[in-house]
Amino acid sequence: MATALHWLLLGSLSLMVSLERSVFWRGAFLIEGREFGWREWWKNTIIYQIYPRSFMDSDGDGIGDLKGITSRLEYFLDIGVGAIWLSPIYRSPFVDFGYDISNFTDIDPIFGTLDDFDELVDHAHDLGIRVILDFVPGYTSDQHPWFVESMKNRDYRNPYRDYFVWKDPKPGCVSSDPRECIPTNWISPFDGPTWTWDETRQQFYYHTFTKEQPDLNYLDPSVREEMKNVIEFWMKRWVDGLRVDAIAFIIEDHYMRDDPPNPNFQPSELATRVVHHSTLNIYSHNHPDHHEIVKSWRREVMEKYSAEPNYRFMMTEAYNKPAILVDYYGTDDDPEADFPLNFQFMDLHAKDLSGTAIFNLVDEWMHNVPDGKWPNWVVGNHDNYRIGYRWGMEYARAANVLCLLLPGTPTTYYGEELGMDHIKVTFEETQDPWGKNNPCCWEKYSRDPERSPMQWNMEKNAGFSTAEKTWLPVHDNYKMGVNVESEQKDPTSVLSLYKALARIRMQRPAFHTNAMDYGIVTDDIFSFIRRPNPDESEQPSYLVAIHLGKKSIVIGDYVNALLANGVTIDSSEGVVEISSRMDRNGETVNLEALELRLGEALVVGIGKDSLLKTEL
Ligand SMILES: *[C@@H]1O[C@H](CO)[C@@H](O)[C@H](O)[C@H]1NC(C)=O
Ligand SMILES: [Ca+2]
Ligand SMILES: [Ca+2]
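Before going further, it helps to examine the pairing of strand β8 (residues 203-206). The two faces of β8 match: Gln-203 and Tyr-205 on one face and Phe-204 and Tyr-206 on the other face are all buried. Here two bridges tie strand β6 (residues 166-167) to β8, and the two strands are oriented antiparallel to one another. Of the residues in β8, the one forming a bridge with Trp-166 is Tyr-205. The pairing of strand β7 (residues 195-198) with β8 spans four bridges and is classified as antiparallel. Along β8, the bridge assignment pairs Asp-198 with Gln-203. Linkage of β7 to β8, two consecutive antiparallel strands, is achieved through a turn of four residues, within which Gln-202 is found at a positive phi near 55°.

Encoded structure:
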């Protein structure tokens, strides 16, 4: 009885807190009466990925921190971003830059304190900005108390005994040295072995990534409970959503079967370690049970905290074919993520870039998204070279146009809105373990180049830090105008383009649906049309035409191309609302002979009266 009353009190207490703290979201984020739930905050916003070490340093130690982020939140209002996702900020020895976590419910002192975090969330919510955290469920740091305890012995009285994936040497192995009898041949996505021998327990432990990141054992019900409690901890601190890391590696084959060799694998002379792609990871990765675990997080924890207007959102990270990734949407009866992150554009490199290549990637995604589900787009993140490097700087603006104007939620990796470029990092300066572990060819592996500090202004270290030396070098081009302050003043900058795109996306119903039709698609051109729902047909439609080829100019007849795809437009005349170089805005164009310059993207309102009345 006492217990029941206790829970009742606790329940009403948390309800009171939620009423008091529920925030008022600014009018601009709520648009009435749309189909497809454009009202839902995670659909109408842009999600902006902050790499906390590199965003803003408040105390001059050369490393970004939470107070730094808080001091820059107004920036997001200015550029039209309504949600920020922070890469890990938890307590960590930083072997893998925060993805090796030694306490899931504490902030690393490098970044600040839990109070600093609360302040960040409060201030963000006051401004109408949502905060999404990285949730790293698959493994801990080897410094985590759970692992330290688990290592001590295999005594059944040790509560942490089975928290990690401990295995005996492979049965039947004849070597006299047990360390040679690894339980399986599974290879890390970081390349190299996944089993490390522990002298105390006389057992191996499994680690998908580095040996300092032991995998949690999700067959142990206590681990499942612990991780639900971690989610609950952050939900209570008013986190609006989670980006769930490396989801396909949560659970492995129960029978410890070896992965078969990959018949298409071609060994490279460069590699000094066992290469991940040399096997097909059918037993080590993507165990079907992991979906059940993700669903339980939503059903059993996040939904409790999802009373409007505080819906708690989830996106998942896995690299796979779209047909497989869409399973992360779950079903209507048992939903999983709101969307799986879409990495279609990640593996596309300059030599293969073309209108047709983009079409194939976009269409494959759109084709696989289940009816009524919401797409999303990513062009860069902390694990891949910046888009300007992958596609060529002349297409960096086009990448923003694609990401923001295709149907669904865009994700922007910090600095993409400025056209930030990757940096060159010497081996001595290298921070990323993936680079450090490969001295032969660190440049091929290191993820440092895309993690350089944010470029705010023309001051020392681009305004990122007052330190003599920042944790990674700042790109020199901040002195040549690639920084927020300079780009704010320049109406033709990438930032001005970005703001115009964010604004048209928010203001025009044509961009609020989950659908589109294609226009011209050739090696040179990728184009599509966005149209409002029928009940808003008085609103303008937009042609988005992008030159992704190599010719200096391409001219196309979009009226007939659309017609061939079953789309009739009212007028062959259009008005350029946004041009990617920001030098043709307002130009009247003939859609039967529309000209695009190299790398140029045009957002053309169909008909004479399409132009936004307000200035972009
Ligand atoms: C994490 O840190 C908090 C705050 O310092 C502490 O109360 C908690 O016990 C720690 N958790 C673990 C598992 O060590
Ligand atoms: Ca700092
Ligand atoms: Ca695992």
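Around ligand 1, the neighbouring residues are Asn-103, Thr-105, Asp-106, His-144 and Pro-145. Residue Asn-103 places a side-chain N or O atom 2.2 Å away from an oxygen atom belonging to ligand 1. The side chain of Asp-106 places a nitrogen or oxygen atom 3.3 Å from an oxygen atom of ligand 1. Look at ligand 1: alone it shows 360 Å² of surface, and the protein chains cover 44% of it. Examining the composition of the shell around ligand 1, we find that three residues originate from one element, strand β4 (residues 103-107), more than from any other. Here the shell around ligand 1 is built from residues that sort into one nonpolar, three polar and one charged.

A few words on the coordination of the calcium ion (ligand 3). With distances of 2.1 to 3.0 Å, the protein atoms coordinating the calcium ion (ligand 3) are Asp-215 (OD), Phe-249 (O), Ile-250 (O) and Glu-252 (OE). With a relative accessible area of 0%, Ile-250 lands in the buried category.

Any two packed helices are characterised by the angle at which their axes cross and by the distance between the axes. The N-to-C vectors of helix α12 (residues 396-405) and helix α16 (residues 494-507) enclose an angle of 15°; their axes lie 10 Å apart at closest approach. As the angle between them shows, α12 and α16 are arranged roughly parallel. The element α12 and its partner α16 pack so that their crossing is right-handed. When α12 is examined against α16, the residues Arg-397, Asn-400, Val-401, Leu-404 and Leu-405 are found in contact with a partner set consisting of Val-494, Leu-497, Tyr-498, Leu-501, Ala-502, Ile-504 and Arg-505.

The expected angle between donors at a tetrahedral four-coordinate metal is 109.5 degrees. At an octahedral six-coordinate metal it is 90 or 180 degrees. In this structure, Asp-57 (OD), Asp-59 (OD), Asp-61 (OD), Ile-63 (O) and Asp-65 (OD) serve as the protein donors to the calcium ion (ligand 2), at separations of 2.3 Å. Mapped onto the sequence, the residues coordinating the calcium ion (ligand 2) show the spacing D-x1-D-x1-D-x1-I-x1-D. For Asp-65, a relative accessible area of 3% corresponds to the buried category.

In this structure, Tyr-48, Phe-76, Ile-84 and Trp-297 are the most contacted members of the largest nonpolar core, which totals 153 residues. If one sorts the elements of this core by residue count, α16 sits on top with eight residues. Listed in part, the 20 residues of the second largest apolar core include Leu-543, Tyr-558, Leu-594 and Ile-606.

A separate point is the pattern of salt bridges. Taken as a whole and judged by the stated rule, the model has 38 salt bridges. The salt bridge involving Arg-243 is made with Asp-134; its shortest N-O contact spans 2.7 Å. Here Arg-243, found in strand β9 (residues 241-244), pairs with Asp-134, found in strand β5 (residues 130-135); they are 109 residues apart in sequence, far enough to count as distant. Taking relative accessible area as the criterion, Arg-243 reaches 0% and is therefore assigned buried. What makes Asp-134 buried here is its relative accessible area of 0%. What emerges from the salt-bridge pattern is a single network uniting Glu-225, Lys-228, Glu-292, Arg-299, Glu-300 and Asp-334.

Now for the sheet that holds strand β21 (residues 601-606). The six strands are arranged β14-β15-β16-β21-β18-β19 in an open sheet whose pairing can be described as antiparallel. Of all strands in the sheet, those with a lone pairing partner are β14 (517-521) and β19 (588-590), marking the two edges. On average, each strand axis in the sheet is inclined to that of its neighbour by 30°, with strand direction left out of account. Bridge analysis of β14 against strand β15 (residues 525-530) gives three bridges, and the strand direction is antiparallel. Note on β15: the bridge partner recorded for Asp-517 is Ile-529. Set on the sheet, helix α10 (residues 355-368) makes contact with β14 and β15; between it and β14 the angle comes to about 165°. Packing against the sheet, α16 makes contact with β16 (542-547), β18 (573-579) and β21, and its axis sits at approximately 125° to β18.

Size of an interface: often given as the accessible area lost when the parts come together. Entries for the protein in the domain assignment read domain 1 (4-136 + 226-246 + 286-352 + 374-390 + 404-414 + 430-494), domain 2 (139-217 + 253-285) and domain 3 (353-373 + 391-403 + 500-616). Relative to domain 3, the C-alpha centre of domain 1 lies at a distance of 28 Å. Residue-level contacts link 51 residues of domain 1 with 46 residues of domain 3. Interface area for domain 1 against domain 3, summed over the two sides, is near 4,300 Å², with a carbon-plus-sulfur share of 64%. If you look at where domain 1 meets domain 3, you find zero salt bridges. At the boundary of domain 1 with domain 3, the tally comes to 21 residue pairs in polar contact (both at pLDDT 80 or more). Taken together, the elements giving at least two residues each to the side of domain 1 that touches domain 3 come down to α2 (41-44), α9 (322-325), β12 (376-378), α11 (387-391), α12 and β13 (409-413). Tallying contributions element by element places α11 first for the side of domain 1 that touches domain 3, with four residues. Looking at the side of domain 1 that touches domain 3, its residues break down into 31 nonpolar, 13 polar and seven charged.

Within an α-helix, residues lying three or four positions from one another point in the same direction, as the helix has 3.6 residues per turn. Across its 16 residues, helix α7 (residues 221-236) extends 23 Å between first and last C-alpha, which sits within 8% of the 22 Å expected from 1.5 Å per residue. All buried positions along α7 are accounted for by Val-223, Met-227, Lys-228, Val-230, Ile-231, Glu-232, Trp-234 and Met-235. Here α7 starts with a cap whose side-chain oxygen sits 2.9 Å from the backbone nitrogen of Ser-222, and that cap is Asp-220. Note on α7: the residue one or two positions beyond its end, Trp-238, has a positive phi of about 70°.

Another point: the environment of Val-401. Locating Val-401 in the fold gives a position in helix α12. For Val-401, a relative accessible area of 1% gives the class buried. Taking the C-alpha atoms as reference points, Val-401 and Ala-601, separated by 200 residues in sequence, lie 7.0 Å from one another. The contact partners of Val-401, leaving out residues within four places of it in the chain, are Leu-406, Leu-501, Val-544, Ile-546, Ser-580, Ala-601 and Val-603.

Every second residue of strand β2 (residues 83-86) is oriented toward a common face, with Ala-83 and Trp-85 on one face and Ile-84 and Leu-86 on the other, all of them buried. Of the pairings in the sheet, the one linking strand β1 (residues 47-50) to β2 comprises four bridges and is parallel in character. Following the sheet pairing, Gln-49 is matched in β2 by Trp-85. Sheet topology places β2 next to β5; four bridges connect them, and they run parallel. By the bridge assignment, Ile-84 is partnered in β5 with Val-131.

Thresholds, definitions, all that
Residues numbered from 1 in each chain as written. Chains lettered and ligands numbered in written order. Predicted model: local features only at pLDDT ≥ 70, side-chain atom pairs only at ≥ 80, totals over all residues. Heavy atoms only, no water. Buried < 20%, exposed > 50% of the residue type's maximum accessible area, 1.4 Å probe, protein only. Helix = DSSP H or I, 4+ residues; strand = E, 2+ residues; numbered from the N terminus. Pairing = 2+ DSSP bridges. Near = heavy atom within 4 Å. Polar contact = N/O pair within 3.5 Å; in protein donor to acceptor, adjacent residues only side chain to side chain. Areas by Shrake-Rupley, 256 points an atom, 1.4 Å probe, with all protein chains shown as cover. Nonpolar A, V, L, I, M, F, W, Y, C, P; charged D, E, K, R; others polar. Donors = N, O, S within 2.8 Å, 3.2 Å for Na, K, Ca; no water. Axes fitted to C-alpha atoms, helices over the stretch in contact; angles between N-to-C directions. Parallel < 35°, antiparallel > 145°, perpendicular 65-115°, else oblique. Left-handed = near helix turned anticlockwise from the far one by under 90°. Contact = heavy atoms within 4.5 Å. Core = buried A, V, L, I, M, F, W, Y, C linked by side-chain atoms within 4.5 Å. Salt bridge = Lys/Arg side-chain N within 4 Å of Asp/Glu carboxyl O. Domains from an automatic or database assignment. Buried area = accessible area lost by both parts, 1.4 Å probe. Expected span 1.5 Å × (residues − 1).

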